[in-house]
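Examination of the molecular architecture
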Amino acid sequence: MSEKIKFGRSPVFFDPFERRPGPIKKNMHYCPGCGHGILHKLVAEAIDYHGIQGKTMFMVPVGCAVFAYYYFNVGAISVPHGRAPAVGTGVARAVPDSYVISYQGDGDLAAIGFNEFLQAANRGEKISIFFVNNSNYGMTGGQMAPTTLPGQKTATTPFGRNVLTDGFPVHVAEMVNTLTAPVYIERVALTSTARIMNAKKAVFKAIENLKNRKGFSFVEVLAPCPVNLKMTADQINDFIENQMIPEFPLGCIRDRSAEVENGTVPPAPAHDVESVKKVLFPPALENAGAVKENTSEIFNRELRVKMAGFGGQGILSLGITLANMARLRNFNVSWMPSYGPEQRGGAASCAVIVSRNRIPSPMISRDCDLLIATTQTALDKYIGELKDDGILIYDNTAVTLPELPAAMTKVGVDAVGIATRDVGSPKFVNSVLIGVLSVVLEQKGLLNAADQADFEQAFTAAVREKFGKKPGAVESNAQAFAAGRQGLSK
Ligand SMILES: Cc1ncc(C[n+]2csc(CCOP(=O)(O)OP(=O)(O)O)c2C)c(N)n1
Ligand code: SF4
């Protein structure tokens, strides 16, 4: 490893930072004197030195480093606050030949995400974590963090951290050292060239361990945040040297890298897909009967469907039924619900994606093929996501249509009325809507004859799978499906 300070930009950084909004494409967004920029440079150089750029997955935290993906030209996931070790675990396991780096602040790692950080450390996940201890919540304006020193003034401890009420600083590296699994633990600081050179060695070691799949590596970095701490460059260095380092001593706390054998990439997937399917869906496979390969042209591409209304209307189970119909026909499916905090009556929506290929993300925010909207709010909120030539099915007793593209298919139906009148309960509205959908797909010629006939069979199989033990419910849903078909055909 070169121990000289490297000038110039590492090839692991974008040049310029095109993703950065606004005219400034050359500079990072960090405040002058911030430690994040220095640590970014060390991490980028280590990724480059160890040749793992193409397979690096960077967990980008909530905090001042939230825009790290502007800068690093590697795979990146912007994770919710504190969730980097959990998401990183998922990535490391699902994509075992990736190299997962988690980069986290002290609010992110030692407060909101502390449990899952420690659990990931305890499991010995094969990830490397860089922990920026700058003794405060930087991004939100300098509130007290778990690492704030006794007596230290912050936005939320204006008279200084009082250990009687606010507790003592959390020594994260030492806590990790109580666990058996971690391979490498070191604490470094960024106050001088010599210290930065030591930090560089630690960062390179953690990345080397990652490359060799040694196991969990952790580097805590005492970093300057001069802006929130209202200090000059000299003052912040003094603060770290004379106040932080006595509380958080520097040095290597554990290094078992040499004792641990290099890991290998585990085979992916680590389980047999067919046997998992059998355990999870045995009745489904029985009910599905013979494997059916739907051949209509629409199935050659990803189908994106969104349903939205209010809680209690069966919107989420409508999505589940559609997803199950596709699953029973061997499509890959995703179902992603979203609902307000209210149990009933609040907004509810879900997104269903059906594809012959892998589904990269279950979210839909555009290019939707079909939107089912049962309230005005739902329509207003999601209509912009529907393709201009997409299909809109809406409740014509609750929704007034705005001006919409001529190429869009608009089908208004009183599905609740049909369910109540013809099946005896509004709760069958979702099966009514699937019946309506089957007619719309027929009328638009999107399903060939075989697939048209199969649509109802797939529906029946999905309903049987769900209500197999309640024959009455199976029958009522079938009735609702038929009522939906008739209601629209009338
Ligand atoms: C779930 C959630 N809670 C709270 C916030 C607000 N928030 C944004 S950044 C932050 C603290 C970040 O501090 P730290 O992890 O120390 O990183 P730094 O900004 O100092 O680099 C908080 C509390 C949020 N974005 N999401
Ligand atoms: S607030 Fe602090 S941690 Fe955030 S960018 Fe500025 S100096 Fe860095």
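Residues numbered from 1 in each chain as written. Chains lettered and ligands numbered in written order. Predicted model: local features only at pLDDT ≥ 70, side-chain atom pairs only at ≥ 80, totals over all residues. Heavy atoms only, no water.

**Focus on the side chain of N294**
Examined against the element boundaries, N294 turns out to sit in the loop between α11 (282–288) and β10 (303–310). Given the relative accessible area of 5%, N294 is considered buried. Side chain to side chain, N294 and D451 meet in a polar contact 3.1 Å long. A distance of 3.1 Å separates polar atoms of two side chains, one belonging to N294 and the other to D454. (Helix = DSSP H or I, 4+ residues; strand = E, 2+ residues; numbered from the N terminus. Buried < 20%, exposed > 50% of the residue type's maximum accessible area, 1.4 Å probe, protein only. Polar contact = N/O pair within 3.5 Å; in protein donor to acceptor, adjacent residues only side chain to side chain.)

**Considerations on the packing of aromatic side chains**
Across all of its chains, the model carries 17 aromatic pairs by this definition. Between Y69 and Y70 the ring centres are 5.3 Å apart and the planes differ by 70°, which places this aromatic pair in the edge-to-face class. Centroid distance F117 to F218: 5.4 Å. Interplanar angle 45°. Geometry classified as tilted. Residue F117 is found in helix α5 (residues 114–123), and its partner F218 is found in strand β8 (residues 217–222); the two are separated by 101 residues along the sequence. Of the residues examined, F218 reaches a relative accessible area of 0% and is grouped as buried. Of the aromatic side chains, those joined through ring pairs into one cluster are F17, Y30, F67, Y69, Y70 and Y71. (Phe/Tyr/Trp six-rings, centres within 6.5 Å; stacked < 30°, edge-to-face > 60°.)

**Concerning the site of ligand 1**
Neighbouring ligand 1 are 16 residues; H36, C64, D106, D108 and G138 lie closest to it. A distance of 2.5 Å is found between an oxygen atom of ligand 1 and a side-chain nitrogen or oxygen belonging to D106. In this structure, N136 approaches ligand 1 through a main-chain N or O atom, which is 3.2 Å from an oxygen atom. Against a free-state accessible area of 600 Å², the protein chains account for coverage of 72% of ligand 1. Of all elements in the fold, only α4 (106–112) and β5 (136–137) reach the threshold of two or more residues within the shell around ligand 1. With 4 residues, the top contributor of residues to the shell around ligand 1 is α4. Grouping the constituent residues of the shell around ligand 1 by class yields 5 nonpolar, 9 polar and 2 charged. (Near = heavy atom within 4 Å. Areas by Shrake-Rupley, 256 points an atom, 1.4 Å probe, with all protein chains shown as cover. Nonpolar A, V, L, I, M, F, W, Y, C, P; charged D, E, K, R; others polar.)

**Things to note about the sheet that holds strand β7 (residues 184–189)**
Within the open sheet, the 7 strands sit side by side as β2-β1-β3-β4-β8-β7-β9. Their pairing is mixed. Two strands in the sheet have a free side with no partner beyond their single neighbour: β2 (75–78) and β9 (251–255). Adjacent strand axes in the sheet meet at a mean angle of 15° when their direction is disregarded. Sheet topology note: the β7/β8 ladder contains 6 bridges and is parallel. The residue bridging V188 from the neighbouring strand is V221, located in β8. Contacts between helix α1 (residues 35–49) and the sheet are confined to β1 (56–60), β3 (99–105), β4 (127–133) and β8, with β3 contributing the most and set at about 170° to the helix. (Pairing = 2+ DSSP bridges. Axes fitted to C-alpha atoms, helices over the stretch in contact; angles between N-to-C directions. Contact = heavy atoms within 4.5 Å.)

**Let's talk about the sheet that holds β10**
Reading across the sheet, the 6 strands line up as β11-β12-β10-β13-β14-β15 and stay open at both edges, with mixed pairing between neighbours. Of all strands in the sheet, those with a lone pairing partner are β11 (332–339) and β15 (409–413), marking the two edges. Across the sheet, the mean angle from the axis of one strand to that of its neighbour is 15°, orientation sign disregarded. Those strands touched by helix α15 (residues 429–443) are β13 (368–373), β14 (386–395) and β15, and its axis lies near 140° from that of β14.

**Quick notes on the pairing of strand β12 (residues 347–355)**
Burial within β12 is extensive, with 8 of its 9 residues counted as buried. In the sheet, β10 pairs with β12 via 8 bridges, with the strands oriented antiparallel. The residue bridging R304 from the neighbouring strand is I353, located in β12. As paired strands, β11 and β12 are joined by 8 bridges and run antiparallel to one another. Across the sheet, the residue bridging to Y339 is A348, located in β12.

**Here's the deal with unusual backbone geometry**
Between D15 and the following residue, P16, the backbone shows a cis peptide bond with an omega angle of -5°. You will see that R213, though not glycine, has its phi angle at about 50°, which is positive. Looking at where R213 falls in the secondary structure, it is placed in the loop between α8 (193–211) and β8. You can call R213 buried: its relative accessible area is 8%. You will see that K230, though not glycine, has its phi angle at about 55°, which is positive. Here K230 shows up in the loop between β8 and α9 (233–247). Taking relative accessible area as the criterion, K230 reaches 72% and is therefore assigned exposed.

**Some words on the layout of surface pockets**
Its volume calculated, the second largest pocket comes out at about 540 Å³. Surrounding the second largest pocket, 28 residues form its lining, I298, F299, L303, V305 and L441 being those nearest its centre. Contributing elements (two or more residues each) for the lining of the second largest pocket: β10, α12 (315–327), β12, β13, β14, α15 and α16 (449–467). (1 Å grid on protein atoms, 1.4 Å probe; cavity = no way out; pocket = protein on both sides within 12 Å on 5 of 7 lines; lining within 4 Å. Points joined across faces, edges and corners; volume = space filled by probe spheres on them.)

**Section: empty space enclosed by the protein**
Taken as a whole and judged by the stated rule, the model has 1 cavity of 30 Å³ or more. What lines the largest cavity is a set of 16 residues, and nearest its centre among them are T374, D395, A415, V429 and L433. Contributions of two or more residues to the lining of the largest cavity are made by α12, β13, β14, α14 (415–423) and α15. Considered class by class, the residues forming the lining of the largest cavity number 11 nonpolar, 4 polar and 1 charged.

**Focus: the environment of G113**
For G113, the location among the structural elements is in the loop between α4 and α5. A relative accessible area of 0% places G113 in the buried class. G113 sits 251 residues away from I364 along the chain, and the two C-alpha atoms are 27 Å apart. If sequence neighbours within four positions are ignored, G113 has contacts with G82, R83 and D108.

**Re the domain arrangement of the protein**
Segmentation of the protein into domains returns domain 1 (35–255) and domain 2 (273–489). Once you take the C-alpha centre of each, domain 1 and domain 2 turn out to be 45 Å apart. (Domains from an automatic or database assignment.)

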